[in-house]
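These are the residues of each chain, in order.
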Amino acid sequence: MNDTAIRLRGVTKGFAGHLAVRDLSLDVPRGSVFGLLGPNGAGKTTTLRMVMNVLGPDSGTIEILGQPADHAARDRIGYMPEERGLYPRMVLEEQLLFMAEIKGTSRREARARIPGWLQRLGLADWGRKKVNELSKGMQQKAQFIATVLHEPEVLILDEPMSGLDPVGMDTMRGVLLDLKRQGTTLVLSSHQMETVERLCDRVALINRGEKILDGLVSDVKKQHGTNTLVVAFDGDGAFLASLPEVARVTDFGRYVEVKMRDGADAQAILRQAALRLRVSRFEIVEPSLHDIFVARVTEHGSGPSSPAGVSAP
Amino acid sequence: MSRLWPIVRREYLERVRSKAFIVATVLGPILTGGLMIMPILMAGQVGKPLRVAVLDASGTLGPRVEAALTLRKRDGRPRFIVEPAGPGPYEARERALKDAVLAGGLDGYLELPASAVEKASASYYGKNVSNVIDLQTLQDTVSETLTGLRLSGAGFDPGRVRELTKRLDLKTIRLTAGGEREDHGASAIFSIILMMMLYTTVLMWGQAVLTGVIEEKANRVVEVIVSAIPSVNLLAGKLLGVGAAGLTQFLVWALSLALVSLAGAGFAAAGGARMPEVTPLLLVSFVLYFLLGYLLYSSLFAAVGASVNTTQEAQSLAFPVFMPLVVGVMFFPMVLQSPDSTLSTVLSLIPFLTPLLMFLRITVLTPPLWQIGLSLVLTGATILAVLWVAARIYRVGILMYGKRPTFPEILRWINHAN
């Protein structure tokens, strides 16, 4: 039994004169919830398309569940691209049957599974409706059902939460956690750090086609130290960024996240802040994934690796 | 195979369930049947007789012409009702007739000058002078009467002369391997109708593939599908599914054509009119050349659809693709005129023209079997080559968004598609 769901080794892919993905190696362990992060144009979609064998890599190898990423393994993966794709004039149930069928599930089996999923995601009354009669959030859920109907062992979801209202997000999160409990490996590609932070146990960060960070979420956070402060206050906090102890300030509106320089003393910052502001909260915290993301991407240099027009971001 | 079937079925059902399909499939035969039967029905239709008067300046011709007009019949019914020109001097009668025509009491009047017999001239005054058939009949009648008078004046017997100068009735008989049969004037029109149907349907179903590919790309469904099955399955399934819908329509049409021609034959025989003959070879080649034309052009259309983002963008690229079809239509009068000339033969063997022109030749004569066979082989081989190229363009193109690719870029896709 192979315990790696997806294994990439030295994968490189170029489009017309530039590299979208360069020398990428990744391991997604079975049963994990894996977050694939990166700014727009970093090469995430290209990577996922190669995993799904929609594109072939220029060099390197990709294995799915211990097999080369050929057609046999494809039926055991579910893939929801960021750009949703359903036939607008097709009746929802027929659409779902069709999607399950092209994944090798018999119509009978798929038909038996559909009502349960529609129920679960609150679409029970919509099965006979055409897709273009559904709201955006409903279409999003429909797309999800189309992705899981063939009961894949590995589920790759590009921005699974986009377009959902808070209730929908909770439902989706519940469904994803259930799937995880049943042993499904989940790969989430997302910009919503909150979602990733709550669900994922592992993350990889890609920038300009290169992996710049990879590991357990807890390890990644530990690596980035406990040199982060959360400060809430009344008054003008702009001076905080110019304190010698402070490396960077991220403003979240109601509070700021302050990244300290190595070896800096939090107490010194607190004293300065107390002098000039009404401080209502001062906390030493683990850095958020958001902060780590921004820090690492800025360090590595921004700018898309794939210019618009050559491939979707 | 199991991963092709769902695509084929989806495409087929989507087309067959559409209102446009149902309308076209049902209306097609009705229109064609109508076009074939209408002339026969119309032949039996005779309009109201023309109410005319004769304004005679010679004083002697009038009664003879009036009698001839009154006697003139078509399909057993009189064509003219001759009204008296009234009393009084010439000018008064002329004014009265003019007024009657303008008031609608009369359709028109014929003016015979005193020199009518010698100069063979007369004038017709009417509100409507574009009723060609009626006026032709009028002219013939008056002409015959005047000729008769001239002949008797020269001492001949008009009846005898008419018998001796009988017009030739030329029957055209078409020789085929199956035997000879009398040819019909309707044949050329029938051939053109069938060829235009081929042209329209090949274009229509090719366009259906084109818009289908563009929609899938715009909806991003394509990425979901090619993550499940190879893109070539999607392309093949689409071509087969849409083609099956087209074939369904064609079979309905071919069947109704056969029925109409059977029913029409009896009908036409009873009415003494002529009906185009529909042979099994004609029906089979109608369906076969549709399939060839469809496969050839729709695979090109699929490649075009994959290379663009919107229907508007597709227009400029689609034109060169269906140009040969238009060229084929442009050549049809020439091929119809001399279907067995070397030029017609060569043109009908060019794969992109074959579906229209070889079919057209089959409708007017039976080309040698080797020519039909060769056209099938050449077109078949071209279809395979075009499919190969189209599949490569399709495979890369469906995942490309943004700027429309240039021609060199498309060539690069064909060279190394991965």
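Our subject in this report is the structure included herewith. (Residues numbered from 1 in each chain as written. Chains lettered and ligands numbered in written order. Predicted model: local features only at pLDDT ≥ 70, side-chain atom pairs only at ≥ 80, totals over all residues. Heavy atoms only, no water.)

On to the overall build of chain B. If you tally the helices and strands in chain B, you get 17 helices and 8 strands. Split by element, the accessible area of chain B, about 20800 Å² in all, is 66% carbon and sulfur. (Helix = DSSP H or I, 4+ residues; strand = E, 2+ residues; numbered from the N terminus. Areas by Shrake-Rupley, 256 points an atom, 1.4 Å probe, with all protein chains shown as cover.)

Scanning chain A from N- to C-terminus turns up 10 helices and 14 strands. Considering only C-alpha atoms, chain A reaches an extent of 70 × 45 × 40 Å along its principal axes. Looking at chain A as a whole, 54% of its 313 residues qualify as buried. In chain A, of all internal contacts separated by at least 6 residues, the share reaching a separation of at least 24 is 69%. With the model as given, the accessible surface of chain A reaches about 13700 Å², and the carbon-plus-sulfur share is 48%. Of note, chain A has its 40 positive side-chain charges centred 3 Å away from the centre of its 39 negative side-chain charges. (Buried < 20%, exposed > 50% of the residue type's maximum accessible area, 1.4 Å probe, protein only. Contact = heavy atoms within 4.5 Å. Lys, Arg positive; Asp, Glu negative; His and termini not counted. Charge placed at Lys NZ, Arg CZ, Asp CG, Glu CD.)

A separate point is the side chain of Ser307 of chain B. Residues and elements named next belong to chain B. Counting through the fold element by element, Ser307 comes out in helix α11 (residues 280-307). Judged by relative accessible area, Ser307 falls into the buried class, the value being 5%. With residues near it in sequence (within four places) discarded, Ser307 still touches Lys217, Leu317, Ile393, Arg404, Pro405, Ile410 and Trp413.

If you walk through the whole model with that rule in mind, you get 32 salt bridges over all chains. The shortest N-O distance in the salt bridge between Asp27 of chain A and Arg9 of chain A comes to 2.8 Å. With a gap of 18 residues between them, Asp27 of chain A in strand β2 (residues 18-29) and Arg9 of chain A in strand β1 (residues 4-15) connect regions that are remote in the sequence. For Asp27 of chain A, a relative accessible area of 28% puts it in the partly exposed group. Take Arg9 of chain A: its relative accessible area is 33%, and that puts it in the partly exposed class. Look at the salt bridges and you will find they share partners, linking Arg10, Glu11, Glu14, Arg15, Glu216 and Lys238 of chain B into a network. (Salt bridge = Lys/Arg side-chain N within 4 Å of Asp/Glu carboxyl O.)

Moving on, we come to the interface of chain A and chain B. Contacts between the two partners involve 32 residues from chain A, matched on the other side by 24 residues from chain B. Across the interface of chain A and chain B, roughly 2600 Å² is buried in total on both sides, 54% from carbon and sulfur atoms. Inspection of the region where chain A meets chain B yields 5 salt bridges. Arg3 of chain B is the salt-bridge partner of Asp75 of chain A, the closest N and O atoms lying 2.5 Å from each other. For the interface between chain A and chain B, the tally reads 9 residue pairs in polar contact (both at pLDDT 80 or more). Elements with a minimum of two residues in the side of chain A that touches chain B: α1 (44-51), α2 (71-74) and α3 (92-101) of chain A. Among the elements that take part in the side of chain A that touches chain B, α3 of chain A stands out by supplying 4 residues, more than any other. Residue composition of the side of chain A that touches chain B, grouped by class: 13 nonpolar, 7 polar and 12 charged. (Buried area = accessible area lost by both parts, 1.4 Å probe. Polar contact = N/O pair within 3.5 Å; in protein donor to acceptor, adjacent residues only side chain to side chain. Nonpolar A, V, L, I, M, F, W, Y, C, P; charged D, E, K, R; others polar.)

For the coordinates displayed, the defined rule picks out 13 aromatic pairs over all chains. Between Phe319 of chain B and Phe322 of chain B, the aromatic rings sit 5.6 Å apart at their centres with planes inclined by 85°, giving edge-to-face as the arrangement. Taken together, the residues span about one helical turn, with Phe319 of chain B and Phe322 of chain B both in helix α12 (residues 311-330) at a distance of 3 residues. The exposure class assigned to Phe319 of chain B is partly exposed, which follows from its relative accessible area of 45%. Counting every residue linked through ring pairs, the aromatic cluster contains Phe250, Trp253, Phe286, Phe290, Tyr294 and Phe359 of chain B. The ring centre of Tyr255 of chain A lies 5.6 Å from the NZ or CZ of Arg281 of chain A, which sits over that ring. Above the ring of Phe98 of chain A, the side-chain terminus of Arg10 of chain B is found at 5.7 Å from the ring centroid. (Phe/Tyr/Trp six-rings, centres within 6.5 Å; stacked < 30°, edge-to-face > 60°. Lys NZ or Arg CZ within 6 Å of the ring centre and 35° of its normal.)

What follows deals with the nonpolar core. Of all hydrophobic cores here, the largest spans 158 residues; its most connected members are Ile6, Ile64, Phe144, Ile156 and Leu176 of chain A together with Ile225 of chain B. One finds Val52, Leu69, Ala116 and Tyr124 of chain B within the second-largest nonpolar core, a separate group that totals 17 residues. (Core = buried A, V, L, I, M, F, W, Y, C linked by side-chain atoms within 4.5 Å.)

To continue, consider the sheet that holds strand β13 (residues 256-260) of chain A. Two strands in a sheet stick together by hydrogen bonds in their backbones, pointing the same way (parallel) or opposite ways (antiparallel). Residues and elements named next belong to chain A. Reading across the sheet, the 4 strands line up as β12-β13-β11-β14 and stay open at both edges, with antiparallel pairing between neighbours. Of all the strands in the sheet, the pair left with one neighbour each is β12 (246-251) and β14 (278-285). Ignoring strand direction, the axes of neighbouring strands in this sheet form an average angle of 25°. For strand β11 (residues 228-234) and β13, the ladder comprises 4 bridges, and the chain directions are antiparallel. Within the sheet, the bridge partner assigned to Val230 lies in β13 and is Glu257. Across the sheet, helix α9 (residues 266-276) is in contact with β11, β12, β13 and β14; its angle to β14 comes to roughly 165°. (Pairing = 2+ DSSP bridges. Axes fitted to C-alpha atoms, helices over the stretch in contact; angles between N-to-C directions.)

Before going further, it helps to examine the packing of helix α5 (residues 136-148) of chain A against helix α6 (residues 166-181) of chain A. All names here are of chain A. At a minimum axis separation of 12 Å, α5 and α6 run at an interaxial angle of 10°. In terms of axis orientation, α5 runs roughly parallel to α6. Facing Lys141, Phe144 and Val148 of α5, the residues of α6 in contact are Gly168, Met172, Val175, Leu176 and Leu179. Per-class residue counts for the contact of α5 with α6 are 6 nonpolar, 1 polar and 1 charged. (Parallel < 35°, antiparallel > 145°, perpendicular 65-115°, else oblique.)

To continue, consider the pairing of strand β4 (residues 59-64) of chain A. Residues and elements named next belong to chain A. Across 5 bridges, the pairing between β1 and β4 is antiparallel. Within β4, the position partnered with Arg7 by the bridge is Glu63. Sheet analysis places β4 next to strand β5 (residues 67-68), joined by 2 bridges and oriented antiparallel. Considered in β5, the bridge of Ile64 is made with Gln67. Between β4 and β5, which pair antiparallel in sequence order, lie 2 residues; one of them, Leu65, sits at a positive phi of approximately 50°.

Right, let's get into the sheet that holds strand β6 (residues 123-126) of chain B. Residues and elements named next belong to chain B. The mixed open sheet is built from 4 strands, whose spatial order is β4-β1-β5-β6. Edge strands, defined here as strands with exactly one partner in the open sheet, are β4 (80-83) and β6. Between one strand axis and the next, the sheet turns by 30° as a mean value, whatever way the strands run. Sheet topology places strand β1 (residues 50-56) next to strand β5 (residues 108-112); 5 bridges connect them, and they run parallel. In the sheet register, Leu55 faces β5, and the bridge partner there is Glu111. Relative to the sheet, helix α6 (residues 132-153) contacts β1, β4, β5 and β6, its axis offset from that of β4 by approximately 65°.

Residue and element names in this part refer to chain B. In contact at an axis separation of 9 Å, α11 and α12 are set at 165° when each is read in the N-to-C sense. Classed by the angle they form, the pair α11 and α12 counts as roughly antiparallel. Considering only the axes of α11 and α12, their crossing is right-handed. Contacts between α11 and α12 involve Tyr297, Leu300, Phe301, Val304 and Ser307 on the former and, on the latter, Ala314, Leu317, Ala318, Val321, Phe322, Pro324 and Leu325. (Left-handed = near helix turned anticlockwise from the far one by under 90°.)

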